Amino acid sequence: MLKKWIPRLKWLVIPVALVVAYPFRYDIMDALRATIGWSPPADPRPEGVSDLAWCEQNYSEEIAAVAADLDLPYAYLMALIVLECSGNKPAGHRFEKHIKKSLTQLREGALTKFEDLRTRDLGDASDDALTNLATSWGPFQLMGYKALGLGASINELRNEESASRLGALWIKKEYGHFLKKKKWKDAFHYHNTGNRYPLSGGPRTHNPYYVSNGLRYMKYFEANGPSKKATVKSKN
């Protein structure tokens, strides 16, 4: 009788072991990580370095060239990068669920228009493609669908080597007139909300200090232009 049950009982070993180990799962994983020498990724930014100095380190030369080529203000572009990605490179990306919902409705004909897009612009775009279009990319965190109006591909926008220029091209095309007139408040507010600074009341930005911080950062980059690029040093 016992011999008959042994083959069946062996299948209980794994689930029983899992039940017994469950309360100790974190300790077990820590031990495994220590054994293979795994550690969490380290922040490449030296301790004590500000977003402004970090932005200079990562983007100063690149943005100076883009600004000169497109006739855009260097200080504004740099300040915007600090606001949007804290000067990090790679800049990272952010998926906007509500944007994908709108793009899905546009693709399926439930919407006839979304900003400057029409249903025909999306064609038979897959769900993965819509996810990319509903994600912001690059140092200016330009939404993927905005690249369509530039005749660019998502891959170009996701590429760190071309994202800065594409973002700056969109800025010039979309609200460069504010920059020419030095309407900095309107420019910052438009980048974040799609509208110029309100005639009355406070800003409508996701961070109420977005515009005021941008203006403050501009002063820093005006005083520390590309020819005066700071060298990032740790305070330790």
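Shown above is the structure to which this text applies.
Residues numbered from 1 in each chain as written. Predicted model: local features only at pLDDT ≥ 70, side-chain atom pairs only at ≥ 80, totals over all residues. Heavy atoms only, no water.

Caption draft 1: Here's a closer look at the nonpolar core. By size, the foremost hydrophobic cluster in this structure holds 41 residues, and its most contacted members are Tyr 76, Leu 80, Ile 171, Tyr 175, Phe 188 and Phe 221. At the level of elements, α4 (51-70), α5 (74-85), α10 (160-180), α11 (184-193) and α12 (210-223) are the ones that each hand at least two residues to this core. Looking at this core, the element that brings in the most residues is α5, giving 11 residues. Setting aside residues up to four positions removed in sequence, Leu 80 forms contacts with Phe 140, Ile 171, Tyr 175, Phe 188, His 191 and Tyr 210. Judged by nonpolar contacts, the second largest core, of 13 residues, contains Ile 99, Leu 103, Phe 114 and Ala 134. (Core = buried A, V, L, I, M, F, W, Y, C linked by side-chain atoms within 4.5 Å. Buried < 20%, exposed > 50% of the residue type's maximum accessible area, 1.4 Å probe, protein only. Helix = DSSP H or I, 4+ residues; strand = E, 2+ residues; numbered from the N terminus. Contact = heavy atoms within 4.5 Å.)

Caption draft 2: Seen up close, the packing of α4 against α12. Their axes nearest at 11 Å, the elements α4 and α12 cross at an angle of 50°. Here α4 is positioned oblique relative to α12, judged by the angle of their axes. When the axes of α4 and α12 are compared, the crossing they make is right-handed. The segment α4 lies against α12, with Leu 52, Ala 53, Cys 55 and Glu 56 engaging Tyr 217, Tyr 220 and Phe 221. (Axes fitted to C-alpha atoms, helices over the stretch in contact; angles between N-to-C directions. Parallel < 35°, antiparallel > 145°, perpendicular 65-115°, else oblique. Left-handed = near helix turned anticlockwise from the far one by under 90°.)

Caption draft 3: Just the pattern of salt bridges, in detail. As enumerated under the stated definition, the model contains 10 salt bridges in all. In this structure, Asp 51 engages Arg 45 in a salt bridge whose closest nitrogen and oxygen atoms are separated by 2.6 Å. Its relative accessible area of 29% is what places Asp 51 among the partly exposed residues. When the shortest N-O distance is used, the salt bridge between Lys 146 and Glu 115 registers 2.8 Å. Linking Lys 146 in the loop between β5 (142-143) and α9 (154-158) with Glu 115 in the loop between β2 (113-114) and β3 (117-118), this pair joins segments that are 31 residues apart in sequence. (Salt bridge = Lys/Arg side-chain N within 4 Å of Asp/Glu carboxyl O.)

Caption draft 4: Highlighting the sheet that holds strand β4 (residues 135-137). Strand order in the open sheet formed by three strands is β1-β4-β5, and the pairing between neighbours is antiparallel. Of all the strands in the sheet, the pair left with one neighbour each is β1 (94-95) and β5. (Pairing = 2+ DSSP bridges.)

Caption draft 5: Inspection of the packing of α10 against α11 at higher detail. Packing of α10 against α11 brings their axes to within 8 Å, and their N-to-C directions diverge by 150°. The pairing of α10 with α11 is recorded here as roughly antiparallel in orientation. Where α10 crosses over α11, the handedness of that crossing is right-handed. Mapping the contact onto sequence places Trp 170, Ile 171, Glu 174, Tyr 175, Phe 178 and Leu 179 in α10 and Trp 184, Asp 186, Ala 187, Tyr 190 and His 191 in α11. Class assignment for the residues of the contact of α10 with α11 results in eight nonpolar, one polar and two charged. (Nonpolar A, V, L, I, M, F, W, Y, C, P; charged D, E, K, R; others polar.)

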